[in-house]
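Summary of structural features
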Amino acid sequence: METQDKDTLESELELVPADARSRLVGGFKGAPSFIAKGFVRRGRSLASRIGQGVRRFIGFFRSPVRNTGNLVRNARVAIRSGAGRLRRELDALSTIQLIAIIGVFTVFLIAPILSVIIFSFTTTTGAFTLSHMLDLFSDTNIWPFVFNSSTGGFDFRANLNGAAYLAQANILAIWGPDFGAIINSIYVAIIVTAVSVVLGVFFAFIIARYEFFGKRIVRTLLIFPILAIPFVGAIGIKVFLNFDGFINKLLFDTLHILPFRIWLRGLTAIIFVQSFSLFSLVYLNAYSSFMSIDPSLEEQAENLGATGFKLFRSVTLPMAMPGIQAGAILTFILSIEDLGSPIVFQDHQSARNTLAFQVWTNVATQSGQVDPKGPAIGVLLLIFALVGFMAIRKYTSLRSYDSGTKGGQWNPRTRRISKKATILLYAILIPVLFLALIPQISVIMISFAGSWAPDSLFPDVWTLSNYDVLWALPDVANSISITLFYGIVATVIIVLLGSSAAYVIARKDIPGKTALDLLVTSPIALPGIVIATGFFTLFYTTPIFPAGHPAFLIIMSYSVRKFPFTVRAAYAGMMSTPVVLEEASQNLGASKNRTFYKITLPLIGVSVLAGSLLSFVYSVSEVSTSLILGSVGHGEAPMTYWTSRVLDMIGPYGGPASASCLGVVLMSMQWVVITITNKILGARSAAITGI
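Because the structure is a prediction, the values reported are computed rather than measured. (Residues numbered from 1 in each chain as written. Predicted model: local features only at pLDDT ≥ 70, side-chain atom pairs only at ≥ 80, totals over all residues. Heavy atoms only, no water.)

Counting its secondary structure elements, the protein chain contains 29 helices and eight strands. Out of the 691 residues in the protein chain, the part that is buried amounts to 52%. Look at the contacts in the protein chain between residues 6 or more apart in sequence, and 76% of them connect residues 24 or more apart. As displayed, the protein chain offers around 31,100 Å² of accessible surface, 65% of which is attributable to carbon and sulfur atoms. (Helix = DSSP H or I, 4+ residues; strand = E, 2+ residues; numbered from the N terminus. Buried < 20%, exposed > 50% of the residue type's maximum accessible area, 1.4 Å probe, protein only. Contact = heavy atoms within 4.5 Å. Areas by Shrake-Rupley, 256 points an atom, 1.4 Å probe, with all protein chains shown as cover.)

Have a look at this one:
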């Protein structure tokens, strides 16, 4: 089986019926026509607006003096109105906050990205061109509809054969249909977000509203999936999900539960990994929102006759929507720009046909040389991520999420469930938690594994000698303290700027507030490899990025890239905090600055902690910028860089076992931070960590 050519999978028995496949193909072939008709309708509307604009333009020149006066007067009115809103809304503190946010994002996000993107829209002579972007839609690995000049229509170049049964080996291989990088990334992100929202909201509601035996252990385990372990964790997942991996050995060979081995590959494996890794983001934010709901609101609804599911649907769920929204946005964006999973499962073509992987394969590293195709795909990544963000925000912006008219802490409504219900609950919890914890379980097992026979469920020999890599290589040992330092400094910057950004967006009616919201959320949607390349093209060999010393830009890249975690969590806290409390403080004589420090920050403190916790966890496990920036300064490179180096090394201190030891240290470091945070905040941190 090991020597079998992977391409033979596509030639095996197809599981998609011919009639269903033909209908699906026909539907996709008709998609360009449907899209074209939509563009025609939009084009007619746009043409009408352009016509009105042309008529106004012609009218302007027919009477230039009068129209110039009107134009100047309208501009003056708009400027006065905007300036008046700024003076009314911004005090000294808000002005400093706004300037700091815009300054940091301009220097460390906008400028580097522009330096790369401009290259993708210019020729070697510096002339403007759209050919790089248009060429993407003639590449079948990116877009499945290819224009056929001979027929005048579109050819559909997609692989709909998403599964095959290998009868001789008794293996069901599932990889999913391949529609090209654009469609693949979108539908993977949609499925992952849907699954994550269902799992996250379910667990958040159960933990927040019910008491049962072992609840403290369960809510502790629900935090583990956010402890991301780059490279090693993904490789561990692949080992567990392989046709001869742990899952098949357990369920097929040992317990005989499955009738055949299941081999997840390509996009199906990516969906599986992302769904059970990212649902904790929804859980954290939804749990925080459920815990912050004023119990009196639900009691009033019950007095009016709303009970059971009607109470949940009409009162509880809408009140928790800000947290669910924040988690869904993060899940969608992280899924669509995930690079680690496609790299690990790239042995199948469908995994390579994702936007993030295509960016990675088309953008160079420290040399500063950039293939225009990479940044062009990066632009598409940003567009799709922001469209998803705006769609979710448009839905939730139609509702009011004030949690009540009183502040402070209250005891949430909980009730104890019966023993039978507890057994049923654990029947659901145990399989889901086991699947979600595969990365952590696999990393720990591999780090202690000596020899491991192919037909053995567990390692034949357990050993501690793999951990010798932590002190045998000085740079590896040094990277641990360096990573902790980078994460702490970046988190402090994120908390200061993130809470300020959330306050300005939620509480200040200033011109361009929507653009500011998109700006501070966009970093998580941008591939880190493009940002890091922009750092090279813009800052390399300058005072802030001397050759061989990337420490400062590593910290700033962490700060900018992980900024949205804190912003979205703090914004959800703002939306759940009644503005009347701040107004009451000001009516009693407190200044806006004093109100912000004494009223606003304490009320959203738990939400800010949620965001800062996620920001730190994902900062220390950052992959793309760490790899690229660390490659030009090994002495200042973080743990993720050295994890990759150790994984590729040959010898007693190289390979998966030694790299897994670094993964265990990284995971332990992340868990210590969560534990300390919980210890300091006591009961209040239960709304965030669930511990």
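Picking up where we left off.
This part is about the pairing of strand 2 (residues 145-148). Inspection of the sheet shows strand 2 paired to strand 3 (residues 153-156) by four bridges, in the antiparallel sense. Counted as the bridge partner of Phe-145 is Phe-156 from strand 3. Here strand 2 folds back onto strand 3 in antiparallel fashion, the turn holding four residues, of which Gly-152 has a positive phi close to 75°. (Pairing = 2+ DSSP bridges.)

In the structure shown here, the tally under the stated rule is four salt bridges. A salt bridge links Lys-215 to Glu-211; its shortest N-O distance comes to 3.2 Å. (Salt bridge = Lys/Arg side-chain N within 4 Å of Asp/Glu carboxyl O.)

The packing of two helices is summarised by the inter-axis angle and the distance between the axes. For the pair helix 19 (residues 474-507) and helix 20 (residues 513-521), the least separation of the axes is 9 Å and the interaxial angle reads 150°. Considering the angle they form, helix 19 stands roughly antiparallel to helix 20. Crossing angle aside, the handedness with which helix 19 passes helix 20 is left-handed. Taken together, the residues of helix 20 that come into contact with helix 19 (itself represented by Ala-501, Val-504 and Ile-505) are Lys-513, Leu-516, Asp-517 and Val-520. Residue composition of the contact of helix 19 with helix 20, grouped by class: five nonpolar, no polar and two charged. (Axes fitted to C-alpha atoms, helices over the stretch in contact; angles between N-to-C directions. Parallel < 35°, antiparallel > 145°, perpendicular 65-115°, else oblique. Left-handed = near helix turned anticlockwise from the far one by under 90°. Nonpolar A, V, L, I, M, F, W, Y, C, P; charged D, E, K, R; others polar.)

Judged by side-chain polarity, Leu-484, Ile-488, Val-492 and Leu-496 come together as a nonpolar surface patch covering roughly 340 Å² of accessible area. Mapped onto the elements, Leu-484 comes out in helix 19. (Patch = residues over 30% accessible without salt bridge, like charges linked within 9 Å, V, L, I, M, F, W, Y side chains within 5 Å.)

This part covers the nonpolar core. Tyr-283, Phe-290 and Val-520 are the most contacted members of the largest nonpolar core, which totals 141 residues. A per-element tally of this core places helix 9 (residues 266-291) first, with 17 residues. Here this core spans two domains, since at least three of its residues come from each of domain 2 (92-129 + 464-691) and domain 3 (132-450). With 20 residues, the next largest nonpolar core counts Leu-470, Val-620, Trp-642 and Val-646 among its residues. (Core = buried A, V, L, I, M, F, W, Y, C linked by side-chain atoms within 4.5 Å. Domains from an automatic or database assignment.)

Right, let's get into the packing of aromatic side chains. Taken as a whole and assessed by the stated rule, the structure comprises 22 aromatic pairs. On the numbers, 5.1 Å between centres and 50° between planes, the contact of Phe-272 with Phe-276 is tilted. In this pair, Phe-272 and Phe-276 are both assigned in helix 9, four residues apart and thus about one turn of the helix distant. The exposure classification of Phe-272 matches that of Phe-276, with both residues buried. Aromatic rings pair up to connect Phe-108, Phe-535, Phe-539 and Phe-552 into one cluster. Above the face of the Trp-263 ring, Arg-265 is positioned so that its terminal group lies 4.7 Å from the ring centre. (Phe/Tyr/Trp six-rings, centres within 6.5 Å; stacked < 30°, edge-to-face > 60°. Lys NZ or Arg CZ within 6 Å of the ring centre and 35° of its normal.)

Within the secondary structure, Asn-466 is located in the loop between helix 17 (438-447) and helix 18 (469-472). Side-chain polar atoms of Asn-466 contact the backbone oxygen of Ser-447, separated by 2.8 Å. Within polar-contact distance, the side chain of Asn-466 engages the backbone oxygen of Ala-449 at 3.1 Å. Those residues within four positions of Asn-466 in sequence are excluded, and the remaining contacts are Ile-446, Ser-447, Phe-448, Ala-449, Ala-657, Ser-658 and Cys-661. (Polar contact = N/O pair within 3.5 Å; in protein donor to acceptor, adjacent residues only side chain to side chain.)

Overall, the predicted model of the protein chain reaches an average pLDDT of 75, with 78% of residues at or above 70. Mean pLDDT across the elements of the protein chain bottoms out in strand 1 (residues 13-14) (40) and peaks in helix 22 (residues 551-561) (90). Scored below 50 in pLDDT, residues 1-18 shows 34 contacts in the model against residues more than four places distant or in partner chains. Confidence drops under pLDDT 50 across residues 681-691; counting only partners more than four residues distant or on other chains, this segment forms 38 contacts. (pLDDT = per-residue confidence, 0-100.)

With that settled, consider the pairing of strand 4 (residues 163-166). Note: strand 4 against strand 5 (residues 171-174), four bridges, orientation antiparallel. Looking at the pairing, Tyr-165 lines up with Leu-172 of strand 5. The antiparallel pairing of strand 4 with strand 5 creates a hairpin that spans four residues between the two strands, and Asn-170 there sits at a positive phi of about 55°.

Now for the side chain of Gln-274. Locating Gln-274 in the fold gives a position in helix 9. Owing to a relative accessible area of 4%, Gln-274 belongs among the buried residues under this scheme. Beyond its immediate sequence surroundings of up to four residues, Gln-274 is in contact with Val-188, Val-192, Ser-335, Asp-338 and Ser-341.

Here the focus is the environment of Thr-268. Structurally, Thr-268 can be placed in helix 9. In this structure, the C-alpha to C-alpha distance between Thr-268 and Val-188, residues 80 residues apart in sequence, is 8.6 Å. If we ignore the near neighbours within four places in the chain, the residues touching Thr-268 are Ile-174, Trp-175 and Gly-176.

Let us now look at helix 19. Taking 1.5 Å per residue as the helical rise, helix 19 with its 34 residues ought to reach 50 Å, and the 49 Å between its terminal C-alpha atoms agrees with that figure. Along its length, helix 19 reaches its greatest deviation from straightness, about 25°, at Ile-480. (Expected span 1.5 Å × (residues − 1). Bend = angle between axes of the 7 residues up to and from the residue.)

Moving on, we come to the packing of helix 20 against helix 23 (residues 563-575). Running from N to C, helix 20 and helix 23 cross one another at 135°; their axes reach a closest spacing of 8 Å. Compared by their axis directions, helix 20 and helix 23 come out oblique. On helix 23, the residues that touch Asp-517, Val-520 and Thr-521 of helix 20 are Phe-563, Pro-564, Val-567 and Arg-568. Of the residues assigned to the contact of helix 20 with helix 23, the class counts are four nonpolar, one polar and two charged.

What follows deals with unusual backbone geometry. Leaving glycine aside, a negative phi is the common case for residues, and trans is the common case for peptide bonds. Its identity is not glycine, yet His-256 carries a phi of approximately 55°, on the positive side. Looking at where His-256 falls in the secondary structure, it is placed in the loop between helix 8 (246-254) and strand 7 (261-264).

With respect to the secondary-structure elements, Gln-586 resides in helix 24 (residues 579-587). With a relative accessible area of 33%, Gln-586 lands in the partly exposed category. The residues contacting Gln-586, other than those within four sequence positions of it, are Lys-592 and Thr-595.

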